[in-house]
Amino acid sequence: MAVNPVDIDDMDLSEVEDLRDATWHPSLRAIPVAGIRKMVNLAAKMDDVIHLSIGQPNFPTPRHIVEAYIEALEAGQTGYTMDAGLPELVDALAEYYGKRYGRQITGDNILITTGATEAMYLALTATAAPGRQFLVTDPSFLLYAPLIRMNGGEVKLIPTRPENGHQLDPQELIDAMGMRTYGVVLNSPSNPTGTVYPRETIETILEECAYRDIYVFSDEVYDHLILDDMEYPSVLRHALDLDNIMVVSSFSKTYSMAGLRIGWVIASQAAIKKLRRYHMFTTTVANTPAQWAGIAALKGPQDCVRDMVKEYAARRDRVVHLVSETPHLTGYWPQGAFYIFPSLPHNVNANTVCLRMLRETGVCTVPGDAFGESCPNSLRISYSTSMESIEAAFERIIPWLDRQKF
Ligand SMILES: Cc1ncc(COP(=O)(O)O)c(C=O)c1O
């Protein structure tokens with residue numbers, strides 16, 4: 001990977017050495033220095049920082065889920081489970097998805113993993129190969145492109161734009177498809193934009209992909225964090241069959257249990273059979289007591305989720321308003337997750353702005369270039385923090401941006 005000399009200032013020297021070190025497999029060069037780290041490292045050295053940079057829920061894990069985890073430990077549930085996952089959890093998920101989307105899902109369609117991260121890792125690295133092209137939206141969550149490139153796959157970035165709320169234009173995606181296109185990666189609601197694709201977008205993409213025999217990888221970790229009154233258009237609901245889809249999700253965001261690390265892949269029986277074997281050679285099985293906690297999450301009371309979503313929606317409303325009051329920032333209406341990705345004027349480097357804003361106001365955000373190439377003038381604001389912190393952050397940001405001459 002070429003190291004741009006101007007970036008070296010912002011990197012640890014050890015990282016530069018790393019890139020040159022012949023010890024490591026060249027595929028590791030596909031893993032970028034995470035843009036978010038620069039901000040968080042700097043913030044760690046400062047006092048009085050307000051974080052609008054958090055990528056995980058800020059609510060406590062609901063009590064009944066914590067108790068199920070403790071009970072599992074006390075009951076001696078500390079050994080390996082079956083490689084596909086704890087059978088009780090696999091069955092609970094099959095029943096839950098079957099009911100939610102009105103389709104036939106069996107345990108053979110499910111593999112339990114260490115978070116959605118392992119699920120995506122397995123799905124993408126098991127399929128990416130030289131000569132295979134994957135279409136990935138830009139901006140997007142930072143995992144996908146490196147995982148594809150690590151195994152020699154080609155990534156074609158499909159830019160989405162702030163002026164239409166970072167919606168994916170299905171026709172643009174279809175126009176980008178060619179002979180080498182093997183897969184499409186979707187993530188709705190999206191990290192970093194909070195965008196939820198409407199049903200028509202999902203249906204059009206699924207239809208075209210089925211016709212062309214292109215795989216759809218759908219990261220649905222925010223599937224419950226839908227902040228407007230709408231039915232969530234899941235790939236799992238709208239796909240005709242499971243033949244060319246892999247849907248990934250987890251308990252991390254819905255139940256505020258990111259550290260318990262339970263996720264899953266849903267796919268055809270044939271795909272799950274292959275992925276199970278790969279999973280055995282990757283993490284063997286997911287954490288056993290955490291899988292019991294997952295059963296409690298699925299089968300227990302759901303008002304905890306409704307309460308969290310209600311609070312996220314109130315924060316979203318407030319953040320959208322505050323962004324609209326902030327000089328030089330342009331927002332839109334995000335409908336899911338807990339992010340907004342507003343833009344600064346064209347030609348303004350958000351990386352420089354975010355670093356200066358952190359140094360001079362103590363508010364930590366994440367610059368757009370952490371999520372791709374097409375939005376160097378955007379920044380990610382996470383509202384996975386209290387309303388008080390949101391208010392206090394904007395009290396600092398607004399006058400500071402007002403003083404900037406862009
Ligand atoms: C879009 C997206 N996918 C996957 C993950 C990882 O989820 P998990 O904690 O289940 O590994 C995250 C975490 O931030 C995410 O934002």
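One structure accompanies this document, and this report is about it. (Residues numbered from 1 in each chain as written. Predicted model: local features only at pLDDT ≥ 70, side-chain atom pairs only at ≥ 80, totals over all residues.)

### What to know about the site of the ligand
- What surrounds the ligand is a group of 13 residues, the closest being Gly 115, Ala 116, Thr 117, Ser 250 and Ser 252.
- When residues in the shell around the ligand are grouped by element, the largest group, three residues, is from helix H6 (residues 115-125).
- Each residue belonging to the shell around the ligand can be placed in one class, and the counts come to four nonpolar, eight polar and one charged. (Near = placed C-beta within 6 Å. Helix = DSSP H or I, 4+ residues; strand = E, 2+ residues; numbered from the N terminus. Nonpolar A, V, L, I, M, F, W, Y, C, P; charged D, E, K, R; others polar.)

### Describing the packing of helix H14 (residues 350-361) against helix H15 (residues 387-402)
- Where H14 meets H15, the closest approach of the two axes is 11 Å, and the angle between their N-to-C directions is 115°. In terms of crossing hand, the pair formed by H14 and H15 is right-handed. Contacts between H14 and H15 involve Met 357, Glu 360 and Thr 361 on the former and, on the latter, Arg 396, Ile 397 and Trp 400.
- When the residues that make up the contact of H14 with H15 are grouped by side-chain class, the tally is three nonpolar, one polar and two charged. (Axes fitted to C-alpha atoms, helices over the stretch in contact; angles between N-to-C directions. Left-handed = near helix turned anticlockwise from the far one by under 90°. Contact = placed C-beta atoms within 7 Å.)

### Quick word on the sheet that holds strand E6 (residues 215-219)
- Across the sheet, seven strands lie side by side as E2-E8-E7-E6-E5-E3-E4; this open sheet has mixed pairing. Sheet topology places strand E2 (110-114) and strand E4 (154-159) at the edges, where each strand pairs with a single neighbour. Ignoring strand direction, the axes of neighbouring strands in this sheet form an average angle of 20°.
- Two elements, E2 and strand E8 (residues 262-266), share five bridges in a ladder whose sense is antiparallel. Within E8, the position partnered with Ile 112 by the bridge is Trp 264.
- Packing of helix H11 (residues 269-280) onto the sheet brings it into contact with E2, strand E7 (245-250) and E8, and relative to E2 it is tilted by some 30°. (Pairing = 2+ DSSP bridges.)

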